[in-house]
Amino acid sequence: MVDTSLYFITAALYLLLGLRDLVSRQPVPVETPPCHPVWRVQGLLLLTLMVHALLLHRVLFASHQMVLSLGNSLSLVGAATVAMYWMASFRCRLGILQSVLMLIVAALVLAPLVLPAEKPVEYSHLLTFKIHLVISLMADGLFGVAALHAVLMSIMEQRLHDHDRPFTPLGALPSLVAMDVLLFQMIWVGFLLLTATLVSGIFFSEALFDKPLVWNHKVIFSLLSWVIFAGLLMARQLWGIRGRRAARWTLAGFVLLLVGYLGSKFVVEILLHRG
């Protein structure tokens, strides 16, 4: 049993990081280029992520079992998203996106305290499953960052076209062109990771169920998400899709991926009240 204080310490660190930029209104020096890492912020974010990783290790693993309840899964996806954002932030600083992400993950860290837990599963010792889980979380995390990035791009584009509405400061940001390029770079890497997830899932299914593929809602939603991202990348190559249309397809693909990963846990643990 993990001391609940570690949950609140982790959530408080994320909360402080999220509020830091919102309260100061000037997260980085003006002369610092938008695509230049701020090492103090990077270090604080890495420290917070390490504390979160310690919490997850204590919560998820017990006697070679894995407790993948809805609350723990939400916290795990949050940590993966922060990890992917931390790596992407060395390329370009994304203004208010970090604050929004930190505040969301602060809430996700506390999810296991309010959501019921399911029984531990016995297959966590399988190397195939561990590889599959890591790749899957990397894909979910990267698409999570891409989804938030797409929302930010949509807001920026809307503000540029709507001259009657007052402009809301979003922090130091690259140009829309640079952000568009970065979005599709994230989508390409996430698409490759999602493809690897589906392939590794076949081997994991065979090791666990003695079947090459189990057609459940997770597989179906993941495949639908894969089709959306494949179509988006093809549309980018053929017709140069960009802006809000690309953002909408990015959000649709991420929502399908999230529903596939968390949908059954929500139905079983919340709607059906099963532990």
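Residues numbered from 1 in each chain as written. Predicted model: local features only at pLDDT ≥ 70, side-chain atom pairs only at ≥ 80, totals over all residues. Heavy atoms only, no water.

Participant: Describe in detail the packing of aromatic side chains, supporting the description with residues and values.
Facilitator: Going through the model one piece at a time under the given rule, you end up with 3 aromatic pairs. Centre to centre, the rings of Phe143 and Phe229 are 4.0 Å apart; their planes meet at 10°, and the pair counts as stacked. A residue pair is termed long-range when its members are at least 10 positions apart, and Phe143 in helix α6 (residues 127-161) and Phe229 in helix α8 (residues 217-239) qualify at 86 residues. The exposure class of Phe143 is buried, given its relative accessible area of 0%. Among the residues examined, Phe229 registers a relative accessible area of 0% and is labelled buried. (Phe/Tyr/Trp six-rings, centres within 6.5 Å; stacked < 30°, edge-to-face > 60°. Helix = DSSP H or I, 4+ residues; strand = E, 2+ residues; numbered from the N terminus. Buried < 20%, exposed > 50% of the residue type's maximum accessible area, 1.4 Å probe, protein only.)

Participant: How would you summarise the environment of Ala150 if you had to cite specific residues and measurements?
Facilitator: Relative to the helices and strands, Ala150 is located in helix α6. In the structure, Ala150 is positioned 101 residues away from Leu251 in sequence and 7.4 Å away in space, judged by C-alpha atoms. The residues contacting Ala150, other than those within four sequence positions of it, are Leu183, Ala247 and Thr250. (Contact = heavy atoms within 4.5 Å.)

Participant: Lay out the pattern of salt bridges with the relevant residues and their values.
Facilitator: It is possible for side chains bearing opposite charge to pair when their charged atoms get close. Considering all chains together, one arrives at 2 salt bridges under this definition. Across the pair Glu157 and Arg244 runs a salt bridge whose closest N-O atoms are separated by 3.9 Å. On the criterion of sequence distance, the pair formed by Glu157 in helix α6 and Arg244 in helix α9 (residues 243-271) is long-range, its members being 87 residues apart. You can call Glu157 buried: its relative accessible area is 18%. For Asp180, the salt bridge goes to Arg236, with nearest N and O atoms at 2.6 Å. Remark: Arg236 occurs in helix α8 and Asp180 occurs in helix α7 (residues 176-209); sequence separation between them is 56 residues. (Salt bridge = Lys/Arg side-chain N within 4 Å of Asp/Glu carboxyl O.)

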